[in-house]
Amino acid sequence: MGIEEHRNWDSVDYTNLLSGNLFPPNFMWGVATASHQIEGGNTNNWSAFEPRSKSGQLSGNACDHWNRKEEDIQLIKDLNVSHYRFSIEWSRIEPQQGIWDEDAVQWYSDLVDQLLDKGIQPMATLHHFTHPLWWDEKGGFENENNIDDWIRFCVKMFDVLSDRIDWWCTINEPAVFASMGYVLGEFPPGERSFKKTRIVSTNLMRAHARCYQTLKSMEHGKRAHIGLVKNINLFDPYRRWNPLHRLQARLLDGMFNLCWIKGLMTGRFKAPSALRSKEIPGLKGSSDFIGVNYYTHLLATPFMPTKVDIDPLIRPWEQRTDFRYPMYAEGLRRAFDMVSCLNLPIIVTENGVADDDDDMRPEHIRRHLQITGEAIADGMDIRGFYHWSLMDNFEWAEGYDQRFGLYHVDFETKERTLKESGALYSEIVKAHRVPQVVILAGGLGTRLGERTKQMPKSLINVSGKPILSHILDWAGAQGCMEALILTGHLGEQFDGFRHEGMALTFHQESEPLGTGGALWNARHLIQDRFILLWGDDFHPIDYSELVAYHEQESSPLTLTVTTEHGEMNLLHVDGKIAQYDKSTSPPSEFNGYESGTSVVEKRVLLEHGKDGKWSWEETVYPEMSMKASAYLDNTKFWDMGTPERLERLAEFLNKTSL
Ligand code: GAL
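Residues numbered from 1 in each chain as written. Predicted model: local features only at pLDDT ≥ 70, side-chain atom pairs only at ≥ 80, totals over all residues. Heavy atoms only, no water.

J.: Looking at this model, I keep getting lost on the overall build of the protein chain. Mind explaining?
T.: Scanning the protein chain for helices and strands turns up 20 helices and 25 strands. Here the protein chain has a C-alpha radius of gyration of 27 Å; the compact-globule value for 658 residues is 26 Å, and the two agree. In terms of principal-axis extent, the alpha carbons of the protein chain reach across some 85 × 55 × 50 Å. Across the 658 residues that make up the protein chain, the buried fraction comes to 61%. For the protein chain, contacts bridging at least 24 residues in sequence account for 74% of all contacts bridging at least 6. On the protein chain, roughly 26,100 Å² of surface is accessible, and the fraction owed to carbon and sulfur atoms is 49%. Separation of charge centres in the protein chain, based on 68 positive and 93 negative side chains, amounts to 7 Å. (Helix = DSSP H or I, 4+ residues; strand = E, 2+ residues; numbered from the N terminus. Rg over C-alpha atoms; globule rule 2.2 N^0.38 Å. Buried < 20%, exposed > 50% of the residue type's maximum accessible area, 1.4 Å probe, protein only. Contact = heavy atoms within 4.5 Å. Areas by Shrake-Rupley, 256 points an atom, 1.4 Å probe, with all protein chains shown as cover. Lys, Arg positive; Asp, Glu negative; His and termini not counted. Charge placed at Lys NZ, Arg CZ, Asp CG, Glu CD.)

J.: It is not clear to me how the domain arrangement of the protein chain should be interpreted in this structure. Could you clarify?
T.: Frequently, the measure chosen for interface size is the accessible area that the parts lose on association. Along its sequence, the protein chain is carved into domain 1 (9-432) and domain 2 (436-655). Of note, the centres of domain 1 and domain 2, computed from C-alpha atoms alone, are 41 Å apart. Domain 1 puts 18 residues into the contact, and the matching count from domain 2 is 13 residues. Carbon and sulfur atoms supply 45% of the area that domain 1 and domain 2 bury against each other, a total of about 1,100 Å² over both sides. Summed over the shared surface of domain 1 and domain 2, the number is 2 salt bridges. K77 is the salt-bridge partner of E482, the closest N and O atoms lying 3.3 Å from each other. (Domains from an automatic or database assignment. Buried area = accessible area lost by both parts, 1.4 Å probe. Salt bridge = Lys/Arg side-chain N within 4 Å of Asp/Glu carboxyl O.)

J.: Any chance you could explain the packing of helix α4 (residues 69-78) against helix α6 (residues 102-117) here in plain terms?
T.: Angle between the axes and distance between the axes are the two parameters that describe a pair of packed helices. One can describe the packing of α4 onto α6 by two numbers: an axis separation of 10 Å at closest approach and a directional angle of 35 degrees. For α4 against α6, the interelement crossing comes out right-handed. Two secondary-structure elements touch here, α4 through K69, E70, I73 and I76 and α6 through W107, D110, L111, Q114 and L115. (Axes fitted to C-alpha atoms, helices over the stretch in contact; angles between N-to-C directions. Left-handed = near helix turned anticlockwise from the far one by under 90°.)

J.: How do you make sense of empty space enclosed by the protein when you look at a structure like this?
T.: Unfilled space is identified by rolling a water-sized probe across the atoms. Under the criterion given, the structure shown has 2 cavities of 30 Å³ or more. The volume enclosed by the largest cavity comes to roughly 60 Å³. In terms of lining, the largest cavity is formed by I471, W474, L533, W534, D537, H539, Y543, S595, G596 and T597. Put simply, the parts of the chain that give the lining of the largest cavity at least two residues each are α15 (467-477), β18 (529-534) and β23 (593-601). No other element matches the 3 residues that β23 contributes to the lining of the largest cavity. Taken together, the residues of the lining of the largest cavity sort by class into 5 nonpolar, 4 polar and 1 charged. (1 Å grid on protein atoms, 1.4 Å probe; cavity = no way out; pocket = protein on both sides within 12 Å on 5 of 7 lines; lining within 4 Å. Points joined across faces, edges and corners; volume = space filled by probe spheres on them. Nonpolar A, V, L, I, M, F, W, Y, C, P; charged D, E, K, R; others polar.)

J.: What exactly am I supposed to notice about the packing of aromatic side chains here?
T.: Ring pairs (aromatic) are described by centroid distance and by the angle formed between their planes. Applying the stated rule across the entire model yields 38 aromatic pairs. Note on F23 and F27: the rings are 4.6 Å apart at their centroids and 45 degrees apart in plane angle, and the pair reads as tilted. Residue F27 is classed as buried on the basis of its relative accessible area of 1%. Here a set of aromatic residues connected by ring pairs shows up, and it is made of W46, F49, F129, F187, F394, W396, Y400 and F411. (Phe/Tyr/Trp six-rings, centres within 6.5 Å; stacked < 30°, edge-to-face > 60°.)

J.: In this structure, what is going on with the pattern of salt bridges? I would like to understand it.
T.: If charged atoms from side chains of opposite charge come close, those side chains can pair. Evaluation of the coordinates by the stated rule reveals 44 salt bridges. Close ionic contact of E142 with K196 constitutes a salt bridge, the shortest N to O distance being 3.5 Å. Remark: K196 occurs in helix α10 (residues 194-216) and E142 occurs in the loop between α7 (133-137) and α8 (147-161); sequence separation between them is 54 residues. Residue classification places E142 among the partly exposed positions, given a relative accessible area of 27%. Taking the shortest distance from any N to any O, the salt bridge between E144 and R206 comes out at 3.4 Å. Taken as a pair, E144 in the loop between α7 and α8 and R206 in helix α10 lie far apart in primary sequence, 62 residues in all. The class of R206 is buried, set by a relative accessible area of 18%. The structure contains a network of salt bridges with shared partners spanning D64, R68, E71, D72 and R416.

J.: Looking at this structure, I do not really get the site of the ligand. What am I missing?
T.: Around the ligand sit 13 residues, and of these Q37, H128, N172, E173 and E395 come closest. Here an oxygen atom of the ligand and a side-chain polar atom of N172 are 2.9 Å apart. Across the shell around the ligand, the residue classes break down as 6 nonpolar, 4 polar and 3 charged. (Near = heavy atom within 4 Å. Polar contact = N/O pair within 3.5 Å; in protein donor to acceptor, adjacent residues only side chain to side chain.)

J.: Explanation requested: the nonpolar core in the structure shown.
T.: Generally speaking, soluble globular proteins have nonpolar side chains that are buried together. Membership of the largest hydrophobic core comes to 140 residues, with the highest contact counts inside it found for F86, I88, L126, W150, W168 and Y425. Beyond its immediate stretch of four places on either side in the chain, I88 contacts S35, I93, Y108, A124, T125, L126, F153, M157, L161 and W168. L448, A483, F538 and L646 belong to the second largest nonpolar core, which has 37 residues in total. (Core = buried A, V, L, I, M, F, W, Y, C linked by side-chain atoms within 4.5 Å.)

J.: It is not clear to me how the environment of F652 should be interpreted in this structure. Could you clarify?
T.: Within the secondary structure, F652 sits in helix α20 (residues 643-655). When the C-alpha positions of F652 and S463 are compared, they lie 8.9 Å apart, and in sequence the two are 189 residues distant. If sequence neighbours within four positions are ignored, F652 has contacts with F538 and W638.

J.: Would you explain the side chain of K457 in this entry?
T.: Mapped onto the secondary structure, K457 falls in the loop between β13 (436-440) and β14 (461-462). Judged by its relative accessible area of 13%, K457 is buried. Each residue touching K457, except ones within four places of it in the same chain, is listed here: G443, L444, G445, L448, I467, D536, M640 and G641.

J.: Which parts of the structure should I look at to understand α6?
T.: Helical periodicity: at 3.6 residues per turn, an α-helix aligns residues three or four positions apart in one direction. Counted at 1.5 Å a residue, the expected span for α6 with its 16 residues is 22 Å, and the 22 Å between its end C-alpha atoms agrees. Two or three places before D103, at the opening of α6, D101 has a side-chain oxygen 2.9 Å from that residue's backbone nitrogen. Where α6 terminates, the next one or two residues include G119, which has phi positive at roughly 80 degrees. (Expected span 1.5 Å × (residues − 1).)

J.: Would you mind showing me how to read the packing of helix α9 (residues 174-182) against α10 here?
T.: In the contact formed by α9 and α10, the axes pass within 9 Å of each other and the chain directions differ by 155 degrees. Considered as vectors, α9 and α10 are oriented roughly antiparallel to each other. For the crossing formed where α9 meets α10, the hand is right-handed. Where α9 approaches α10, its residues P174, F177, A178 and Y182 are matched on the opposing element by K196, T197, V200, S201 and L204. A class-by-class count of the residues in the contact of α9 with α10 yields 6 nonpolar, 2 polar and 1 charged. (Parallel < 35°, antiparallel > 145°, perpendicular 65-115°, else oblique.)

J.: Explain the side chain of S87 here, please?
T.: As for its position among the elements, S87 is in strand β2 (residues 83-87). One polar contact links the side chain of S87 to the main-chain amide nitrogen of S35, over a distance of 2.7 Å. In contact with S87, not counting residues within four places along its chain, are T33, A34, S35, E39, Y108, T125 and H128.

J.: Can you help me understand the environment of M626 in this one?
T.: You can see M626 is positioned in the loop between α19 (616-623) and β24 (629-632). Each C-alpha atom, one on M626 and one on E509, is 32 Å from the other, the two residues being 117 residues apart in sequence. Those residues in contact with M626 that lie beyond four places of it in its chain are V573, K576, I577 and A578.

Right, here's the structure in full:
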């Protein structure tokens, strides 16, 4: 249960959060949604239940996301996030048993492609409260035999999408699904039966375990990260010293949180209110990460309302959200502590607040991110944070009355408008993210022998894999999640190339354009600020320090300069590049060598660029004399221009394990 801590938030210093120093560079920044809440036009167990739900509101065409996918992906992109969690609507994929709607499959496949094109990594949820009516009529999760059908759907989607999706959630919040549907009766099927709750809970765990084991055994299964999403709802005794309040809190904690976590840990599941635990095949170790959805804590007494519409008790200093439960960010840390016994990487798969006028949400975001950042600093393995939700949507039994979005949605016109909290979230994310990497990867290995004359050097194998993969390994370790690869005119040789954890975009030229021409040619894919790399150089330097220097100097272009190199090719004066010349006999006053990694503001490209073939370094560096900054760093860089140098690079890479 943990101790109920409260903090004086007025004295909390958010400087590191706002300046981008609270989270590691490779942190997964995301937003989350679920199919039924945004897509519109779904026919499933929920749409059938809606007329009977508490609000009586119908999901109808919801946010009409099904017809506005491109626009919504742009909204995600505009938030600067690197990840997007969505769910796949089974009732669309298999509207009748055994009949697959390939257009719907294609829709999700396109969604994934379009996300990746924009540098956003997808995370897919396979069950987020909804399923087809035909399956519901067979009893849904009330019948163990039905699990086969759901597994078939999971296999189908994994088969189609796992070449591009690395992150998978099996079931969203099984405890919420079971308790809301079968104890409180607020979700379909709207029942109140402890017996059914036990059966459904156990079947949810069976289904999760089977899903995990089945997908793991499929192609791409090993590299996929597959996990369960658990809502952690904290229960605290209303009066700490009242034994009845304590008992009630403990009971609820046990049923809602602990039995599920223990199930995952031991492979034996004791369903809420069950007397004995059951061994569930494949359950032990059936998660590569644990997804934590965290919203609040509830104060327990023996007389707690069993209806959601009676205001829960709160502490006098706490603020109620529109959902009536309090904002309690300190509890997020307790949720992390609670799942830490699983020894798994933790991802906050949902956190957000219902707040109609957006006056609480900014502080809600700051507090929960602050707690997460501090937990990371204390050594907890927390990999990502997905804000719930991208936009206002259909909030289940509450209908459209509870607004959780970073974007406001006008449900009449479907217009989306960024809220102040959305702007804040995107600022915090931006401050923490490493810019896009752009790699000039088209240069040919002309000096490396016959075989590579017609092959981009970046694809040459060194120490077991193409040099490009080594470069991406380094960039990835530095927190880069997006790379644009300029493949030159022989780009088809990059077909099928992928890199785990990174969204790659390739851009090919119809004829050789030189380094400058290649960048100009791809300017529509280039972001406002980017890190420029050469596809045949391995330069393992710290990106955060380089970018911080670039930022601090307000520089339009920062080159990394080493002073420890055989030849010199530039003159730097007072921290600026004064001259650049890569001809063989440079003037004797030259005092530095460009070592490969630079940070560029896109406006530099737009100001100096032109059509046709031209060289970036020979054009831009002289034109920007005394404007481009020199970042002095003597980290050794490795090129592979000649067979001897290639040999040395291979030796180095063989020795280093990144
Ligand atoms: C979660 C659920 C989401 C969303 C959120 C806000 O329990 O997974 O779908 O509705 O709560 O209440």
